[in-house]
Amino acid sequence: MARAILSRNKISILDEATASVDRRTAQMLQEALHASFHEGTILAVAHRLDTIIDFDYCMVLGAGKVLEFGTPAELIQSGGTFASMVSDTGEAMSNELRHIAFRTEERSSK
């Protein structure tokens, strides 16, 4: 990840980049990525929803197919697979994820 930040590429692909770190460290890494790539594109594979909940778009894959694609807020509102995944994180985390997704959507629309 350090190489990606230092090289300042326009496109970076991350595969479970924060999977083996605690939540606080993952948050710090995400902040560094957003600051470094605010004009670039990040394609991220992640299972932890807090890793991608503030991204511009999310693609949900299942059985080798695209199940859903849209902003996190749109996917939550759709009531589909992504919304179920958010709900499955538990009440407190689900509320936090929803708050972040809708706050990010508001900022993007301004």
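Scroll up to find the structure this text is about.
Residues numbered from 1 in each chain as written. Predicted model: local features only at pLDDT ≥ 70, side-chain atom pairs only at ≥ 80, totals over all residues. Heavy atoms only, no water.

Caption draft 1: Up close: unusual backbone geometry. Even without being glycine, A63 reaches a positive phi, approximately 55°. Mapped onto the secondary structure, A63 falls in the loop between β3 (58–62) and β4 (65–70). (Helix = DSSP H or I, 4+ residues; strand = E, 2+ residues; numbered from the N terminus.)

Caption draft 2: Representation of the nonpolar core within the structure. Counting residues in each nonpolar core, the largest one holds 18 residues, and the members touching the most others are I42, L49, I52, I53, I76, F82 and V86. Of all the elements in the fold, those that place two or more residues in this core are α3 (49–52), β3, α4 (72–78), α5 (81–87) and α6 (91–109). By residue number, the principal contributor to this core is α6, which donates three residues. Non-local contacts of I76, meaning those with residues more than four positions away in its chain, are made with I53, F82, A83, V86, R98, A101 and F102. (Core = buried A, V, L, I, M, F, W, Y, C linked by side-chain atoms within 4.5 Å. Buried < 20%, exposed > 50% of the residue type's maximum accessible area, 1.4 Å probe, protein only. Contact = heavy atoms within 4.5 Å.)

Caption draft 3: View of helix α2 (residues 23–36). Relative to the 20 Å expected for 14 residues at 1.5 Å per residue, α2 spans 20 Å between its end C-alpha atoms, a close match to the ideal helical length. Within the sequence span of α2, burial applies to A26, Q30, L33 and S36. Down the axis of α2, the smallest arc covering the buried residues is 130°, so these residues share one side. Residues of α2 that are exposed and point over 90 degrees away from its buried face: R24 and A35. If you follow the buried residues of α2, they end up packed against α1 (2–7), β1 (11–15), β2 (41–45) and α3. (Expected span 1.5 Å × (residues − 1). Arc of directions from axis to C-beta.)

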